Amino acid sequence: MRQSARAALTVLTITCSTLASSLPAQAAAPAGNAPSCVTVWQTTGTVTKTGYARNDCGETLHLKIVWAHGADGQCYTVNPGETISSKVARGVRTFDGASIC
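The model shown is predicted, which means the values in this text are computed figures rather than measured ones.

1. Side note on the packing of aromatic side chains
Stage number 1. This model, assessed by the stated rule, comprises two aromatic pairs.
Stage number 2. Pairing Trp-67 with Phe-95 gives two aromatic rings, centres 5.6 Å apart and planes at 65°, and the pair type is edge-to-face. Residue Trp-67 is found in strand 3 (residues 61-68), and its partner Phe-95 is found in strand 6 (residues 94-100); the two are separated by 28 residues along the sequence. Residues Trp-67 and Phe-95 agree in their burial class; the two are buried.

Spelled out as structure tokens, the structure:
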């Protein structure tokens, strides 16, 4: 009886591990304070990562890209429909979205 319980537990553990590894990763919500009409995303290359913010609002905004563990990107005047970007080296820096500046 102990051996069958151990076998059942092993199967359950393998099944749970397989299901957990097949679930999609959840993206964290950006931490910046830009309005919700600003679209943010990042790309990651082999050496650098780049954060982007596109002004989809109906007015001109002053925006900067926010990075954790270091300096943020510079402040830009961004007209409706325009996109800004900021590039950093890969590593401990984390993309935190965009903020009003």
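Now that the structure has been shown, we can carry on.
2. Digging into the side chain of Thr-50
Stage number 1. Locating Thr-50 in the fold gives a position in strand 2 (residues 48-55).
Stage number 2. Ignoring sequence-local partners within four residues, the contact set of Thr-50 consists of Trp-41, Gln-42, Thr-43, Trp-67, Ser-85, Ser-86 and Lys-87.

3. Remarks on the pattern of salt bridges
Stage number 1. Per the counting criterion, the structure on display carries two salt bridges.
Stage number 2. Notably, a salt bridge pairs Arg-54 with Asp-56, separated by 2.8 Å at the nearest N-O pair.
Stage number 3. You can call Arg-54 partly exposed: its relative accessible area is 29%.
Stage number 4. For Asp-56, a relative accessible area of 39% corresponds to the partly exposed category.

Parameters and conventions
- Residues numbered from 1 in each chain as written.
- Predicted model: local features only at pLDDT ≥ 70, side-chain atom pairs only at ≥ 80, totals over all residues.
- Heavy atoms only, no water.
- Phe/Tyr/Trp six-rings, centres within 6.5 Å; stacked < 30°, edge-to-face > 60°.
- Helix = DSSP H or I, 4+ residues; strand = E, 2+ residues; numbered from the N terminus.
- Buried < 20%, exposed > 50% of the residue type's maximum accessible area, 1.4 Å probe, protein only.
- Contact = heavy atoms within 4.5 Å.
- Salt bridge = Lys/Arg side-chain N within 4 Å of Asp/Glu carboxyl O.

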